[in-house]
Amino acid sequence: MEQTFTTGLLQAVTAFNAFLWGAPMLILIVGISVYYTWKLKLIQRHLFHAIRLCTLKDRSAGVISNFGSLVIALAAMVGTGNIVGVAAAVSTGGPGALFWMMLSAFLGMATKYAEAVLAVQYRQKAPSGEYVGGPMYVLKNALNMKKTAAVFALATVLMGFADALIQTNSLVDIYGSVYGVGAFTSASVLIVLTGAVILGGVKKIAAVCKGLVPFMAIVYIVLCVAVLAVHWQKIPWAFYTIFTSAFSGSALLGGAVGITVREAIRYGVSRGVLSNEAGSGSGAIAAAAAQTPNPVRQGLVSASTVFWDTLVICLLSGLAVIVAGNWQEGTHFGADLASVSFGSIPFGKELLLVSLTLFAFSTLVGWSYYTEKAVQFCIKGRVEYPVRVLWLCVMALGGFLSPKLVWELADTAIAIMCVPNILALWLLRKQVVQITAQYLPDELKAK
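Criteria and cut-off values
Residues numbered from 1 in each chain as written. Predicted model: local features only at pLDDT ≥ 70, side-chain atom pairs only at ≥ 80, totals over all residues. Heavy atoms only, no water. Helix = DSSP H or I, 4+ residues; strand = E, 2+ residues; numbered from the N terminus. Buried < 20%, exposed > 50% of the residue type's maximum accessible area, 1.4 Å probe, protein only. Areas by Shrake-Rupley, 256 points an atom, 1.4 Å probe, with all protein chains shown as cover. Axes fitted to C-alpha atoms, helices over the stretch in contact; angles between N-to-C directions. Parallel < 35°, antiparallel > 145°, perpendicular 65-115°, else oblique. Left-handed = near helix turned anticlockwise from the far one by under 90°. Nonpolar A, V, L, I, M, F, W, Y, C, P; charged D, E, K, R; others polar. Polar contact = N/O pair within 3.5 Å; in protein donor to acceptor, adjacent residues only side chain to side chain. pLDDT = per-residue confidence, 0-100. Core = buried A, V, L, I, M, F, W, Y, C linked by side-chain atoms within 4.5 Å. Contact = heavy atoms within 4.5 Å. Phe/Tyr/Trp six-rings, centres within 6.5 Å; stacked < 30°, edge-to-face > 60°. Salt bridge = Lys/Arg side-chain N within 4 Å of Asp/Glu carboxyl O.

**Student:** Hey, could you run me through the overall build of the chain in this one?
**Tutor:** Scanning the chain from N- to C-terminus turns up 19 helices and two strands. Looking at the 447 residues of the chain, the share that counts as buried comes to 61%. For the chain, the accessible area works out to roughly 17,100 Å², and carbon and sulfur atoms hold 68% of it.

Structure follows, in structure tokens:
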């Protein structure tokens, strides 16, 4: 009975997502990115300057430093989606999904910039004295669209809890397949570690992320490079396959149904947004808390997160899965496919487990903050501690759900977030351009 219910729910959610992530949604996400890339005169060209700005110290109004907001945003972004989500995109959308993921990420840097600019411009002080912001505050304070702001906030809460399920589920899945560790044991350890951090508030979260995020990124990049080095002869073929299947679909072995171009685009863009959050607006919640002299500086800093998350880490993940995994058989999905791919090198599965643990932990920490701020917007007052406790309880459920169901639920939540956020980005497009013209020249001279 339980399995029948889960199967039915999965089919229903998958069908709903096929509607949500149809052509209109893809046009909205890619369209707003193309628009801002054009109107901001290829803001992506300032990437390396933006990376340098991340290291500047400032005593402007805000709760955490530029670097602190950067690492919280990266902590929330760089999660199991960068490993399991990319593997899932390849297994369901073929290698061509990686092409569309990279293209949407490059364009999405402009969207991420605009989201952060608006978040800082229209942020406000909470009763606790800290600055809070994000698309819900932009919709309320700049456009007086209080109901639409509430929809975004509720979708963010849904996405936050879905992310708690995703991270726990992915980790429990791979711990069980590699070491045979029970779901209860691995979920309990993760809950205890996460609780020790998030119960300390945003400053504790930022302090932990400053040390954790760079370390875990380096470990995983080295692991991916090692896999590519072992299979170096297949790298040219991998790039060829990524490009050709992006426009022609992919054939699967073993009599399985082939993957269409539409599926490649759908899973490439949706998994890309789920990973780098450009278009969903969630990263702007961390940007609003930053100590920054003007909105443009934080916009540039936020745009750089997409580069690290997708154009570096997700690209390496995808290449490793394509050259070392057996995605063409159509029998492996998500964490299972990633495990097979990294298991092609000595201690690969063990190092993958270390990376997944660090990624899951960092994302849980980052998204707990986003969820907390979204709930705070909906329910005025001090709700931080109850939300953190509830967050830990939801994590416990993640170890016992179907991986495919968990990922589909996340796709649903992030699609709902995208609509009001993109609406705000469009209605306030002139303000973003004006603010950029006002502050960008001085920021490009910043030492």
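Let us keep going from here.
**Student:** Hey, could you run me through the packing of helix H6 (residues 96-121) against helix H14 (residues 295-324) in this one?
**Tutor:** Remark: H6 packs on H14, axes separated minimally by 7 Å, with the N-to-C direction vectors making an angle of 160°. Our classification of the angle between H6 and H14 gives roughly antiparallel. Handedness of the H6/H14 crossing: right-handed. Taken together, the residues of the contact of H6 with H14 sort by class into 20 nonpolar, eight polar and one charged.

**Student:** What should I look at first to understand unusual backbone geometry in this one?
**Tutor:** Glycine aside, residues mostly have negative phi angles, and peptide bonds mostly take the trans form. Of note, the phi angle at Leu42 is positive, near 55°, even though the residue is not glycine. Following the sequence through the fold, Leu42 ends up in the loop between helix H2 (23-39) and helix H3 (47-53).

**Student:** Hey, could you run me through the side chain of Arg388 in this one?
**Tutor:** Mapped onto the secondary structure, Arg388 falls in helix H17 (residues 384-397). Engagement of the side chain of Arg388 in a polar contact is seen with the side chain of Glu372, the distance being 2.9 Å.

**Student:** Where do I start with the confidence of the model for the chain in this structure?
**Tutor:** Predicted coordinates in regions of low pLDDT should not be interpreted in detail. Confidence in the prediction for the chain averages 78 pLDDT; 79% of positions are at 70 or higher. Element-level mean pLDDT values for the chain span from 63 in helix H4 (residues 66-77) up to 93 in helix H7 (residues 135-141).

**Student:** I tried to follow the nonpolar core on my own but got confused; where do I start?
**Tutor:** Within soluble globular proteins, side chains that are nonpolar tend to cluster in buried spots. Residues Tyr36, Tyr113, Tyr220, Leu352 and Trp391 are the most contacted members of the largest nonpolar core, which totals 125 residues. Setting aside residues up to four positions removed in sequence, Trp391 forms contacts with Gly160, Phe161, Ala164, Thr194, Ile198, Leu364, Trp367, Ser368 and Thr371.

**Student:** So what exactly am I meant to see when it comes to the side chain of Thr168 here?
**Tutor:** Mapped onto the fold, Thr168 is located in helix H8 (residues 146-179). From its side chain, Thr168 meets the backbone oxygen of Ala164 in a polar contact 2.9 Å long.

**Student:** I keep staring at the packing of aromatic side chains and nothing clicks. Help me out?
**Tutor:** Two descriptors summarise a pair of aromatic rings, namely the distance from one centre to the other and the angle between the planes of the rings. Within this structure, the stated rule accounts for eight aromatic pairs. Seen from their ring centres, Tyr35 and Trp426 are 5.1 Å apart, and the 65° between their planes marks the pair as edge-to-face. Of this pair, Tyr35 sits in helix H2 while Trp426 sits in helix H18 (residues 403-427); the two residues are 391 residues apart in sequence, bridging distant segments of the chain. The class of Tyr35 is buried, set by a relative accessible area of 16%.

**Student:** Honestly, the pattern of salt bridges in this entry has me stumped. Any pointers?
**Tutor:** Pairing between side chains of opposite charge can happen when the charged atoms of each approach one another. Evaluation of the coordinates by the stated rule reveals three salt bridges. Residue Arg297 pairs with Glu443 through a salt bridge whose shortest N-O separation is 2.7 Å. With a gap of 146 residues between them, Arg297 in helix H14 and Glu443 in helix H19 (residues 429-443) connect regions that are remote in the sequence. Take Arg297 and Glu443: they sit in the same class, and that class is buried. Between Glu372 and Lys373 there is a salt bridge; the shortest N-O distance is 3.6 Å. When its relative accessible area of 2% is taken as the criterion, Lys373 is described as buried. If you follow the salt bridges from partner to partner, you end up with Glu372, Lys373 and Arg388 in one network.

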